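Listed below are the residues making up each chain.
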Amino acid sequence: MSTALSDRSTVDSSHTSDTSETSGTSGVTGERNKHARRFGLPIATALVMGNIIGGGIFLLPASVAPYGTISLVAFGVLTLGALALALVFGRLAHRHPQTGGPYVYARAAFGDFAGFLAAWSYWITAWVSNAALAVAAVGYLDVLIPVHESTAATIAAALTLQWLPALANLAGTRYVGAVQLVATVLKFVPLLLVAVGGLFFFDSANLGPFQAGDGGALGAVSASAAILLFSYLGVESAAVSAGEVRDPRRNVGRATVLGTLGAATIYLLGTVAVFGTVAHDRLVDSSAPFSDAVNAMFGGSWGGTAIACMALVSMLGALNGWTLLSAQTPYAAARDGLFPKVFARKRRGVPTVGVTVTVVLASLLTVYNYTVGTEGVFEILVLVTTFTATVPYLLSTAAQIYFLLSGHSERVDRGRLVRDGVLAAAAFGFSMWLVAGSGYAAVYQGVLFLFAGVLVYAWMSARKVRREASGEADDEAADGASERVNPGLRA
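This structure is a prediction, so every number in the text was calculated from the model and none was measured. (Residues numbered from 1 in each chain as written. Predicted model: local features only at pLDDT ≥ 70, side-chain atom pairs only at ≥ 80, totals over all residues. Heavy atoms only, no water.)

1. Description of the overall build of the chain
Counting its regular elements, the chain contains 21 helices and zero strands. In the chain, buried positions account for 53% of the 491 residues. Across the chain, the fraction of contacts at a sequence separation of at least 24, relative to all contacts at a separation of at least 6, is 83%. (Helix = DSSP H or I, 4+ residues; strand = E, 2+ residues; numbered from the N terminus. Buried < 20%, exposed > 50% of the residue type's maximum accessible area, 1.4 Å probe, protein only. Contact = heavy atoms within 4.5 Å.)

2. Quick notes on the packing of helix α9 (residues 151-171) against helix α17 (residues 352-370)
Axis separation between α9 and α17 bottoms out at 10 Å; the angle between their running directions is 170 degrees. The angle between the axes of α9 and α17 places the two elements in the roughly antiparallel class. Residues Thr151, Thr154, Ile155, Ala158, Leu159, Gln162, Trp163, Ala166, Asn169 and Leu170 of α9 form the contact with α17, whose participating residues are Thr352, Val355, Thr356, Val359, Val360, Ala362, Ser363, Thr366, Val367 and Tyr370. For the contact of α9 with α17, a count of residues per class yields twelve nonpolar, eight polar and no charged. (Axes fitted to C-alpha atoms, helices over the stretch in contact; angles between N-to-C directions. Parallel < 35°, antiparallel > 145°, perpendicular 65-115°, else oblique. Nonpolar A, V, L, I, M, F, W, Y, C, P; charged D, E, K, R; others polar.)

3. Let's talk about the side chain of serine 121
When you line up the elements, serine 121 lands in helix α8 (residues 112-144). Separated by 3.2 Å, the side chain of serine 121 and the backbone oxygen of alanine 118 make a polar contact. Once you skip the residues sitting within four places of it in the chain, serine 121 turns out to touch Thr388, Val391, Pro392 and Leu450. (Polar contact = N/O pair within 3.5 Å; in protein donor to acceptor, adjacent residues only side chain to side chain.)

4. Focus: the nonpolar core
In terms of nonpolar packing, the biggest core is built from 124 residues, with Ile53, Phe58 and Phe339 touching the most fellow members. Among the elements that make up this core, the one with the highest residue count is α8 (18 residues). Apart from the residues within four sequence positions on either side, isoleucine 53 is in contact with Lys187, Leu191, Ala263, Ile266, Tyr267, Ser314 and Ala318. (Core = buried A, V, L, I, M, F, W, Y, C linked by side-chain atoms within 4.5 Å.)

5. Some remarks on a nonpolar patch on the surface
A contiguous nonpolar surface patch, about 730 Å² in accessible area, is contributed by Val196, Leu199, Phe200, Phe201, Phe202, Phe298 and Trp302. Sort the elements by how many residues they give to the nonpolar patch and helix α10 (residues 173-200) lands first, with three residues. Along the polypeptide, valine 196 turns up in helix α10. (Patch = residues over 30% accessible without salt bridge, like charges linked within 9 Å, V, L, I, M, F, W, Y side chains within 5 Å. Areas by Shrake-Rupley, 256 points an atom, 1.4 Å probe, with all protein chains shown as cover. Salt bridge = Lys/Arg side-chain N within 4 Å of Asp/Glu carboxyl O.)

6. Digging into helix α13 (residues 248-277)
Look at α13: 42 Å from first C-alpha to last across 30 residues, which is about the 44 Å you get at 1.5 Å a residue. The buried fraction of α13 amounts to 21 of the 30 residues, a majority that puts the element mostly inside the structure. (Expected span 1.5 Å × (residues − 1).)

7. So, the pattern of salt bridges
For the coordinates displayed, the defined rule picks out seven salt bridges. A salt bridge links aspartate 420 to arginine 91; the shortest N-O distance between them is 3.5 Å. Within this pair, whereas aspartate 420 is found in helix α20 (residues 417-437), its partner arginine 91 is found in helix α6 (residues 71-95), the two being separated by 329 residues in sequence. Per residue, the accessibility class of aspartate 420 equals that of arginine 91, and both read buried. Close ionic contact of aspartate 112 with arginine 107 constitutes a salt bridge, the shortest N to O distance being 2.6 Å. Across the pair, exposure class does not vary: aspartate 112 and arginine 107 are buried alike. Each member of the salt-bridge network shares a partner with another, and the members are Arg107, Asp112, Asp336 and Lys464.

8. Regarding the environment of tyrosine 232
Topologically, tyrosine 232 is positioned in the loop between α11 (217-228) and α12 (237-240). A residue is classified by how much of its surface remains accessible, and tyrosine 232, at 3% relative accessible area, is buried. Through-space distance from the C-alpha of tyrosine 232 to that of leucine 83 is 9.5 Å; in sequence the pair is 149 residues apart. Apart from residues no more than four positions distant in its own chain, tyrosine 232 is found in contact with Ile52, Phe75, Leu78, Thr79, Ala82, Thr260, Ala264, Tyr267 and Tyr393. A distance of 2.6 Å separates polar atoms of two side chains, one belonging to tyrosine 232 and the other to threonine 79.

9. Thoughts on the packing of aromatic side chains
Scanning all chains against the criterion turns up 16 aromatic pairs. Summarising the aromatic geometry, the rings of tryptophan 120 and tryptophan 123 are spaced 6.0 Å apart at their centres and angled 50 degrees between planes, so their arrangement reads as tilted. Of this pair, tryptophan 120 and tryptophan 123 both sit in helix α8, separated by three residues, roughly a single helical turn. Tryptophan 120 sits in the buried class, given a relative accessible area of 13%. For tryptophan 123, a relative accessible area of 11% corresponds to the buried category. Geometrically, the ring pair formed by phenylalanine 339 and phenylalanine 343 is edge-to-face, given 5.7 Å between the ring centres and 85 degrees between the ring planes. (Phe/Tyr/Trp six-rings, centres within 6.5 Å; stacked < 30°, edge-to-face > 60°.)

See the structure below:
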């Protein structure tokens, strides 16, 4: 217990500079002011919304159509769970407004090892997901510019889609925020127009049965929920980048809730619009439901091109945001000696080494997938992330429950104790549902990846202990030398 308490006090002291540091450590004031800028509420909200809405939204209506419109009930339940999680992240960020999010909360509650597991699993999720996003984005790019005819062209396109957001990140937080805001607006407005416009062309005859199939209502809700479970990954985005957000105690919580609500609005209205404009029998077999909806509303066959453009913008925005997040958590862990020190290097407000390592790993995985990749390896890695993504959520909600039950007055608002307790319990249940929804294969393989990190933790923890012991020895030697110079100090 004493070790855990020491760890928790260390995390508070080691990150205090995060809340006050300007977003760059280049040492050049002019460069820092020009290229590094803290995120205000609009950009922090765009970061959350942009990371939640990637490319999956464009296939979701067709994915859940076989279960009938009862799938909207599952979407509603999941949205409530995601909002509970968003509110918990807001409360945690209010008490721990430092870069790192789930890593910071897990370490503050349970010590170094739990914090490391949160950082390790989140980092794996980020760079593997970036490779998957790039591969999916190339599919939409092929609609506009045929690239799949050549392996070299396909690889070049995928790498370009990864490195453009990485370069925006390396240029500084000012550019990350600008790209994120523009990309979110460019994808949010057209999707909202399709979602709202679809209501004017809505035909209830297209909806099909409320419950399709022979199974019961509960089975249909559970089955559709299993497909929709990961629609809200990214809800933690503002919390992970709290150190780069202006007034994080206030804005992180607001951005998290507003971003989640914005994404939920697009998801639900978009799905309802597609359900009401595309006949159910056709929607079940559709490979481009939003394109079919646009064609049904406005006629012609240009819907595919329009949706491909929206999907590309959406995925580029998500890649921009996830590239930043992929570096933020290792940065926080490196500052505490739990990741290699090189990850703590920061320039223009961005952990440049973390960004570079992440994009290189994602690029190697992408090239491997398109060239000599063993069949199924890429799919296995993507599957693993469906589990590793849930680990930080589970540890964060458990940390909130710990703070509430342990009675830490500095971490618990007594006036909101009951409300926070209910939200934490709901968010923990939602996180457990995410773990269960990952499936046996993802949990099994994900645990292996998680345990592989234990070796890294053993190495980094041992180095940290040696450094601390060396520091204490140096202090004792200095004290001894001082006493020899002035023996009266001993008295």
